[in-house]
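Overview (structure and organization)
Here are the chains, one letter per residue:
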Amino acid sequence: MLAFEDGRYSEAADRLSDSIPSITDLVSGKALFDPRLKIFVVLFGWNLDSLWLTVNQKRCDALLRADRVIEAVESHQYMMHMIDDAFKKNCIACCVAKADEAIAASNYEAVIELYSAGIGLDFSCESLLVHRSEANLKRNFFAEALHDADKVIELDPSSYLGYELKHAALHKAGRYDEAIENLSEADDAIRRAVHCELESAPLRLLNTWTGRLCDREAQINAFVESTEYKELLSSSMTHDPLQTEPIREAVEKYFSWAMLSHRWESKEPLLHDIQGKVVYDLDPAGTVLKLQTFFQIARDAGHRWAWSDTCCINQNNNVELQRSVNSMFVWYRQPALTIIYLSDVPPSAKSGALANSVWNTRGWTVQEFLAPDVVLFYQKDWTLYLNDRSPNHKDSLTIMQELEHSTGIDAQALVAFRPGMTRAREKLQWESTRATTLQEDIAYSLFGIFGVHLPVIYDETKHNALGRLLQEIIAQSGDITTLDWVGKSSNFNSCLPADIVSYKPPPCTLPSLSEDQMQTSVSLLQNAAIDVELASTLYNRLDNLSAPRFANRRLQLPCIAFPVTEVRRRRQDPETTFSYDVKADGLEDMLITTEDKLIQFSPARPTPQSFLLVRPWNRHDLGLPDFPDDTQSVDDWLEPLSPSSEFLGDSPGDNEPDDSAAHSRELRLIVRLTQPFGALLLAQQRGGEYKRITSDYNIIAQVRDMTSVRDVMDVRTLEIL
């Protein structure tokens with residue numbers, strides 16, 4: 001004991017080892033119950049069990065302090081059940097520490113021996129088994145490494161390390177089929193899920209945990225190195241058959257990102273300002289502070305990734321810029337959260353401040369609040385607008401009503417917007433009051449709303465940018481409501497406006513007949529003995545008209561044409577615009593005001609240039625149901641028409657209406673055609689094409705009377721430049 005107290009641990013261990021055999025004999029199981037020894041217990045208070053335990057503990061302790069770890073473990077093993085947990089943990093810790101030293105010295109034989117000693121103390125210690133398996137791999141003891149890996153999996157079936165070690169042992173042992181079968185199916189499923197998740201994600205995202213900007217490859221690498229990936233892989237490998245839904249959910253959760261919608265300010269941090277840097281380490285001033293705060297809020301909300309249009313797009317790369325503009329709506333559609341920052345809305349603002357924010361006047365922000373499912377509005381000091389702490393401000397009736405009143409966008413579209421070509425004129429009106437820094441962007445910001453992909457050509461004129469968009473809308477949808485505007489015509493095509501502000505006035509809406517009025521008008525036509533064959537011919541000609549076609553800046557417009565027979569200018573002062581009395585075959589006389597100076601003519605003074613007033617053909621006028629649009633489900637398309645429909649026979653299998661139904665249908669068409677309509681004034685060009693002459697007001701025309709059927713028989717398709 002003196003040697004132990006003097007720090008001579010190896011000597012103390014040897015002396016204690018020499019004394020242990022005699023003590024063991026004395027306190028052996030049989031001797032403990034010898035009546036001759038009980039007198040010593042009674043007289044001197046001996047505790048022979050404690051004496052035996054103390055001597056062995058001191059010996060183990062001395063061996064441990066003398067760095068004779070293996071001997072300490074061996075000494076301890078036969079009396080393990082008598083020794084306290086603290087000593088055992090201390091002994092294992094020493095094994096690990098000595099093993100670490102052996103690893104540093106590349107002495108893997110000693111490493112294995114030390115870890116084996118620790119495992120002897122605790123057979124359920126997963127980390128010791130993992131370390132010994134790794135050491136066995138280093139020494140190419142693949143069977144032993146595989147054995148330890150299997151023990152790890154047995155102890156914890158969800159342990160990624162166990163499966164990883166098993167895969168490595170099988171692979172290094174040349175058992176490739178087993179190795180691949182063990183790992184590849186789950187890993188492939190995870191990688192497919194990652195690909196699907198990132199397919200509609202921005203090209204770059206900022207890691208809110210690290211503050212670093214990551215491209216697609218860096219995002220995937222971060223995932224593969226993450227605990228989430230390892231846990232997902234190990235849990236997936238334990239299921240047979242493979243469960244893909246938990247994989248999809250885990251991947252979606254890991255890659256969930258937040259988007260920023262805001263008003264650009266001067267000196268916004270761009271890509272080169274943050275690339276390769278930690279955003280949180282930048283000087284927190286001005287727009288950098290805005291960026292940092294956004295990332296922090298996204299991180300606090302549980303989102304590892306975040307995106308801002310200022311710094312996550314390479315503005316100098318035309319290919320990337322084009323892809324980003326065409327993908328912008330999809331990117332804002334997919335995030336878990338869109339944070340809308342209102343830099344000019346003061347803290348504790350009242351309802352109405354959002355409507356008056358500059359953010360609410362910008363062109364790009366329309367899609368930024370229409371596309372997302374979940375949005376939160378933040379004020380200048382990054383507190384929630386109106387102190388509304390709901391998880392989604394699209395669920396706030398107050399905020400959505402404020403947006404509806406200020407934007408003209410109906411509440412249903414604000415909450416659950418779907419991109420597409422329907423209601424084209426209305427969507428153009430939404431954007432007509434907004435502005436963009438670059439004039440082309442007013443058109444580009446609508447690409448996603450209409451669901452079109454077009455080239456992005458910065459430095460083109462706004463005429464060209466808007467013209468290309470409107471051309472695509474008409475070409476894809478045949479929607480002629482885009483021709484309903486007032487103002488100056490575009491250089492792209494005379495039927496299109498030069499500026500989106502031309503869509504600001506409400507669309508031209510004319511009163512429609514009630515069903516009673518329609519029936520009365522049909523009866524009048526029947527009583528007037530109108531030429532049924534003529535009405536049928538007109539119906540069939542209109543029914544067979546193709547949809548409008550628009551390509552290469554030329555519009556092929558199906559229409560009903562009315563030749564203009566007389567144009568006379570009225571005197572007025574000042575003559576900034578010109579007013580003309582116009583007459584056309586079959587139409588009521590009308591007054592047209594325009595900035596264009598027209599040639600005056602009459603039957604007595606004819607002109608070689610031809611003018612037409614045309615009614616653009618609209619399928620609604622046939623009274624047939626619309627084609628399915630992109631807001632309907634397939635089930636909606638398949639709903640049968642009502643049996644009372646005037647266009648169907650009694651039998652569901654009838655494809656053709658009977659004579660009376662057909663006659664009624666054709667007369668109803670005549671009635672519709674005699675109602676007022678929005679007309680276009682066209683002037684013929686030298687090549688036989690036409691150009692639209694714009695007016696300061698909608699041109700409203702009307703057929704003279706119901707019996708003038710022959711006057712609406714000029715059905716044709718005109719080419720308009």
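Structure: see above.
Computed from a predicted model, the values in this text were never measured in an experiment. Along each chain, numbering runs from 1 in the same order as the chain's sequence is written. Where totals are concerned, whole chains, interfaces and linings use all residues; where local detail is concerned, this predicted model gives features only for residues with pLDDT of at least 70, and gives and counts side-chain atom pairs only at 80 or more. By convention in this description, side-chain values take in all heavy atoms of the structure and omit both hydrogens and water.

Quick look at the overall build of the chain
- Only DSSP runs of H or I reaching four residues or more are called helices, and only runs of E reaching two or more are called strands; each is numbered from the N terminus. Along the chain, the regular secondary structure elements total 28 helices and 15 strands.
- Buried, partly exposed and exposed residues are distinguished by accessible area as a fraction of the type maximum, computed with a 1.4 Å probe on protein chains only: under 20%, between the cut-offs, and over 50%, respectively. Within the chain, buried positions represent 47% of all 721 residues.
- When checking whether two residues touch, look at their non-hydrogen atoms; a contact exists if any pair is within 4.5 Å. A separation of at least 24 residues holds for 66% of the contacts in the chain among residues at least 6 apart in sequence.
- Total accessible area computed for the chain in this model is approximately 36400 Å², and 50% of it derives from carbon and sulfur atoms. For the area figures, the Shrake-Rupley method with a 1.4 Å probe applies, and any residue is considered shielded solely by the protein chains shown.

A short note on the environment of Leu680
- Along the chain, Leu680 falls in strand β12 (residues 677-684).
- For the pair Leu680 and Asn698, spaced 18 residues apart in the sequence, the C-alpha separation amounts to 8.7 Å.
- Among residues more than four places away in sequence, those in contact with Leu680 are Leu483, Cys495, Leu557, Leu612, Leu613, Val614, Pro616 and Arg692.

Some remarks on the packing of helix α7 (residues 108-121) against helix α8 (residues 126-138)
- Working convention: axes come from line fits to C-alpha atoms, limited for helices to the stretch in contact. Angles between N-to-C directions cover 0 to 180 degrees. As a packed pair, α7 and α8 sit with axes 9 Å apart at the nearest point and diverge in direction by 155°. Accordingly, the angle class assigned to the pair α7 and α8 is roughly antiparallel. The way α7 lies across α8 gives a crossing that is left-handed. Residue-level contacts link Tyr108, Val111, Ile112, Tyr115, Ser116, Gly118 and Ile119 of α7 to Leu128, Leu129, His131, Arg132, Ala135, Asn136 and Lys138 of α8.
- For the contact of α7 with α8, the residue count by class is eight nonpolar, four polar and two charged. Orientation is classified from the angle alone, with under 35 degrees giving roughly parallel, over 145 giving roughly antiparallel, 65 to 115 giving roughly perpendicular, and any other angle giving oblique. For any helix crossing, the convention is left-handed if the near helix is rotated counterclockwise from the far helix by under a right angle, and right-handed if that rotation is clockwise. All residues other than Ala, Val, Leu, Ile, Met, Phe, Trp, Tyr, Cys, Pro, Asp, Glu, Lys and Arg, Gly among them, are scored as polar; the first ten of these are nonpolar and the last four charged.

A closer look at unusual backbone geometry
- A positive phi angle is found at Asn387, which is not glycine, with a value near 55°.
- A relative accessible area of 51% means that Asn387 is categorised as exposed.
- A positive phi angle is found at Asp459, which is not glycine, with a value near 85°.
- Within the secondary structure, Asp459 sits in the loop between α23 (447-450) and α24 (462-477).

Describing the side chain of Ser490
- Looking at where Ser490 falls in the secondary structure, it is placed in the loop between α24 and α25 (515-527).
- Judged by relative accessible area, Ser490 falls into the buried class, the value being 6%.
- Here a polar contact is taken to be a pair of N or O atoms separated by no more than 3.5 Å, where protein atoms must pair a possible hydrogen donor with a possible acceptor and residues adjacent in sequence count only if both atoms sit in side chains. Within the local environment of Ser490, its side chain forms a polar contact with the backbone nitrogen of Phe492, the two atoms lying 2.8 Å apart.
- Those residues in contact with Ser490 that sit more than four places away from it in its chain are His463, Leu496, Pro497 and Ala498.

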